[in-house]
Amino acid sequence: MSTSQTPARLRVAPSPTGDPHVGTAYMALFNLAYARKTGGQFVLRIEDTDRNRYIEGSEKQIFELLRWLGLPWDEGPDVGGPYAPYRQSERLETYKPFVDKLIADGHAYYCWCSQERLAKLREEQQASKQSKTGYDRLCYGMSREEREKLPGFTPTPVVRMLVPEDIELTFTDLIRGEISAPMPDDQVILKADGFPTYHMAVVVDDHLMGITHVVRGEEWISSTPKHLQLYKWLGLTPPQFAHMPLLRNTDHSKISKRKNPAARLAWFREQGYLPEALRNFLQLLGYPPADDDHEISSFDDFVENFDWAKVSTVGPVFDLKKLDWMNGFYIRSLEPAQLAERIIEHLQWTGQWPTPADPQKAKLLTDAVPIIQERLVTLNDALPKLGFLFTADDQIVIEDDARKTLPENWKEVVSAAIDALDGLESFSAEAIQGILREKLVEGMGIKPKFAFGPVRVGITGQRVTPPLFESMELLGKASSLERLRRFVNE
RNA sequence: GGCCCCGUAGUGUAGAGGCCUAGCACGCGGCCCUCUCAAGGCUGUAACGGCGGUUCGAAUCCGCUCGGGGCUACCA
């Protein structure tokens, strides 16, 4: 039970730099869970301080996919909120006084070093295998005039923080407990283009927006001392930190779009995964199931028992096989009518079907859902499994691997089936099965497998199909007989 | 190179000194069911990286070692 806790404010802060990343959804899920558990708020903030990597339309994708996944935010660029704007590019004036104060207090200084000089410096440090790397403080204590006389000068300065020797490198993490981080160098906090870097913006915004818990990826552990130092200089109370494990590729490297199609959040939707299945799956990465032999769990259950201490410190590898199983499970647990709707929506979203859908096709699909429901892994599997239903009788092609399964006497079998079916009044699956068993299996002494096999091939052209008798019922008597006749006379 | 984080079956995890001849889920194998394929039922397979300590006793604590990962940008 959620005891009386102080409402927490958490945020997810993706950058609009391309296709939304699956890691964004992973972070959002855990942030949201804790916000809900404490009765607090979940904020979406867009961190678009990098003008070079900014990609038009990426932000919209973030909104769309996070909503699709069922992770709604209480405050954000598109829904507003008391701390608007929620887009860092619209907050440039907000950061200025904080930077000015740091400079005035002697905690930050201007740096006119050119990118070239810095690159060269870095190169030399790497090559010399020195233990100490980072900016060499050439500009520290200099005026513009003084610096200008030296090489590697660039007219527009950046602002760097003056990291003290005794900076606190240890902090408490909600997931890992006491941890320490590397000694930082004099990090740039304000870029030449007037935009703050992440380090400056995140501290100012998290403070101004009343964020109480910062939940982010493990890759930020090494930056946390810088952030803590900024809070200290500015006289602000820092939030609590929880560093989530990093999602991994199969080779255990940090998950990347290049090595892993699943790194793109949109990929899951395109493949036809159900958002509730993906959410459940993500929840299980680095987090134990609530019930030891039952990994299916609702978001509410997740929230109910949520505890940072349960989050694993080991970066989990994506196992799509498990997601497949889970997606199938969620598909099977839907009402057939609901599933039909989801399939149609998906076909429309992927552009395979028009909007509005052809009523006849929609009806046929809906009627057919019960026979494919337990055979689907993703929504994309539906149409291919039902191909024979949406194909005209004279367009059915007998596939090679289906033909190979045909016994010697297949024409005899199919002819007998035609005769049996022809006199059938009610063309129901039950009646079809009844008469075929009577005439072929019992009457001719043919094993069910070889009696129904040729009929299946004639009806669908395929070796593997949904249940035969139900398929024939859906197809109707006329079409079924037509197909069998064409088959036997080919 | 330096600093930091991490190390239970193929994958996700349970395990917080004896309840562990290490549990569960997915995967994979077998059997049953069966009109194919699924679904379902039963069943099998497979792990504490290594080495030293501490202890009556270690997957659990300590050290070293090996391995993986992250950071080391005017990217986040």
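Residues numbered from 1 in each chain as written. Chains lettered and ligands numbered in written order. Predicted model: local features only at pLDDT ≥ 70, side-chain atom pairs only at ≥ 80, totals over all residues. Heavy atoms only, no water.

Peer 1: Please provide a residue-by-residue account of the overall build of chain A, values included.
Peer 2: When its secondary structure is counted, chain A shows 20 helices and 9 strands. Summarising its shape, the C-alpha atoms of chain A cover approximately 105 × 55 × 40 Å along the three principal directions. Burial status across chain A gives 49% buried among its 490 residues. For chain A, the computed accessible surface area is about 23,400 Å², with 50% contributed by carbon and sulfur atoms. (Helix = DSSP H or I, 4+ residues; strand = E, 2+ residues; numbered from the N terminus. Buried < 20%, exposed > 50% of the residue type's maximum accessible area, 1.4 Å probe, protein only. Areas by Shrake-Rupley, 256 points an atom, 1.4 Å probe, with all protein chains shown as cover.)

Peer 1: Tell me what's going on with helix α20 (residues 477-489), and back it up with residues and numbers.
Peer 2: Relative to the 18 Å expected for 13 residues at 1.5 Å per residue, α20 spans 18 Å between its end C-alpha atoms, a close match to the ideal helical length. Of all the positions in α20, only Ser-479, Ser-480, Leu-481, Arg-483, Leu-484, Phe-487 and Val-488 are classed as buried. On the buried face of α20, the contacting elements are α16 (410-422), α18 (448-460) and α19 (468-475). (Expected span 1.5 Å × (residues − 1). Contact = heavy atoms within 4.5 Å.)

Peer 1: Got a sec to walk through the side chain of Arg-87? Specific residues and values, please.
Peer 2: Residue position: Arg-87 is located in the loop between α2 (58-68) and α3 (92-104). Contacts of Arg-87, omitting those with residues within four sequence positions, involve Ile-46, Asp-48, Glu-59 and Pro-77.

Peer 1: Kindly report on unusual backbone geometry, identifying the contributing residues and their values.
Peer 2: A cis geometry characterises the amide bond from Ala-84 onward to Pro-85, with omega recorded as -5 degrees. With respect to the helices, strands and loops of the structure, Pro-85 is situated in the loop between α2 and α3. Here the phi dihedral of Arg-137 falls at roughly 65 degrees; this positive angle occurs in a residue that is not glycine. Structurally, Arg-137 can be placed in the loop between α4 (115-127) and α5 (144-148). With relative accessibility at 29%, the residue Arg-137 sits in the partly exposed group. Phi at His-252 takes a positive value of approximately 75 degrees, unusual for a residue other than glycine. Relative to the helices and strands, His-252 resides in the loop between β9 (240-244) and α8 (265-271).

Peer 1: For helix α17 (residues 429-444), give the residues involved together with the corresponding values.
Peer 2: The end-to-end C-alpha distance of α17, which contains 16 residues, comes to 21 Å, matching closely the 22 Å that a straight helix rising 1.5 Å per residue would cover. Of the residues trailing α17, Gly-445 is marked for its positive phi of about 70 degrees.

Peer 1: I'd love a proper account of the layout of surface pockets, names of residues and values included.
Peer 2: Taken as a whole, the second largest pocket holds about 260 Å³ of empty space. Lining the second largest pocket are 14 residues, with Lys-132, Thr-133, Tyr-135, Pro-184 and Asp-185 positioned closest to its centre. (1 Å grid on protein atoms, 1.4 Å probe; cavity = no way out; pocket = protein on both sides within 12 Å on 5 of 7 lines; lining within 4 Å. Points joined across faces, edges and corners; volume = space filled by probe spheres on them.)

Peer 1: Pulling in residues and values, what's your account of the protein's contact with RNA strand B?
Peer 2: If you check the shell around RNA strand B, you find 64 residues, and the closest are Gly-286, Glu-374, Arg-375, Arg-437 and Arg-456. One of the side-chain N or O atoms of Glu-295 is found 2.8 Å from a base nitrogen in RNA strand B. The side chain of Arg-456 places a nitrogen or oxygen atom 2.3 Å from a base oxygen of RNA strand B. Among the elements that line the surface near RNA strand B, the one with the most residues is helix α11 (residues 320-332), at 4 residues. (Near = heavy atom within 4 Å. Polar contact = N/O pair within 3.5 Å; in protein donor to acceptor, adjacent residues only side chain to side chain.)

Peer 1: Explain the domain arrangement of chain A to me, using residue names and the numbers behind them.
Peer 2: What the domain assignment reports for chain A is domain 1 (9-76 + 248-310), domain 2 (91-244), domain 3 (335-380) and domain 4 (393-488). Placing a centre on the C-alpha atoms of domain 2 and another on those of domain 4 gives a separation of 74 Å. (Domains from an automatic or database assignment.)

Peer 1: Outline the environment of Tyr-95, listing residues and values.
Peer 2: Mapping Tyr-95 onto the fold places it in helix α3. Given a relative accessible area of 1%, Tyr-95 falls into the buried group. Along the backbone, Tyr-95 and Gly-194 are 99 residues apart, and their C-alpha atoms lie at a distance of 9.9 Å. Setting aside residues up to four positions removed in sequence, Tyr-95 forms contacts with Gln-88, Pro-196, Ala-201, Val-204 and Asp-205. Only 2.6 Å separates the side chain of Tyr-95 from the side chain of Asp-205, close enough to count as a polar contact.

Peer 1: How would you explain the environment of Lys-449 if you had to name every residue and give the values?
Peer 2: Relative to the helices and strands, Lys-449 is located in helix α18. The class for Lys-449 is exposed, based on a relative accessible area of 67%. Once the C-alpha coordinates of Lys-449 and Ile-418 are considered, the two residues, 31 residues apart in sequence, prove to be 17 Å apart.

Peer 1: Account for the side chain of Gln-88, naming residues and giving values.
Peer 2: For Gln-88, the position within the fold is in the loop between α2 and α3. Accessibility expressed as a relative area gives 1% for Gln-88, which makes it buried. Polar side-chain contacts of Gln-88 include one of 2.9 Å to the side chain of Asp-205. Contact partners of Gln-88, with chain neighbours within four places excluded, come to Arg-45, Ile-46, Glu-47, Asp-48, Thr-49, Tyr-95, Ala-201, Val-202 and Asp-205.

Peer 1: Outline a negative patch on the surface, listing residues and values.
Peer 2: Residues Glu-165, Asp-166, Glu-168 and Glu-178 make up a contiguous surface patch of negative charge. If you trace the backbone, Glu-168 turns up in the loop between β4 (153-161) and β5 (170-173). (Patch = residues over 30% accessible without salt bridge, like charges linked within 9 Å, V, L, I, M, F, W, Y side chains within 5 Å. Salt bridge = Lys/Arg side-chain N within 4 Å of Asp/Glu carboxyl O. Lys, Arg positive; Asp, Glu negative; His and termini not counted. Charge placed at Lys NZ, Arg CZ, Asp CG, Glu CD.)

Peer 1: Break down the nonpolar core for me, citing the residues and quoting the values.
Peer 2: Residues Phe-30, Phe-268, Leu-282, Trp-308, Phe-318, Leu-421 and Leu-436 are the most contacted members of the largest nonpolar core, which totals 113 residues. At 11 residues, the largest contribution of residues to this core is made by helix α1 (residues 22-38). Ignoring any residue separated from it by four or fewer positions in sequence, one finds Leu-421 in contact with Phe-427, Ile-432, Ile-435, Leu-436, Met-472, Lys-477, Leu-481 and Leu-484. Core analysis: the next-biggest nonpolar cluster, separate from the first, contains 21 residues, Phe-98, Val-99, Met-161 and Ile-189 among them. (Core = buried A, V, L, I, M, F, W, Y, C linked by side-chain atoms within 4.5 Å.)

Peer 1: Give a description of the sheet that holds strand β3 (residues 108-113) that names residues and reports values.
Peer 2: Here we have 3 strands laid out as an open sheet, ordered β3-β4-β7, and antiparallel in their pairing. What marks the edges here is a single partner per strand, and that holds for β3 and β7 (188-190). Adjacent strand axes in the sheet meet at a mean angle of 55 degrees, parallel and antiparallel pairs treated alike. Pairing analysis gives 5 bridges linking β3 to β4, with the strands arranged antiparallel. Following the sheet pairing, Tyr-109 is matched in β4 by Arg-160. (Pairing = 2+ DSSP bridges. Axes fitted to C-alpha atoms, helices over the stretch in contact; angles between N-to-C directions.)

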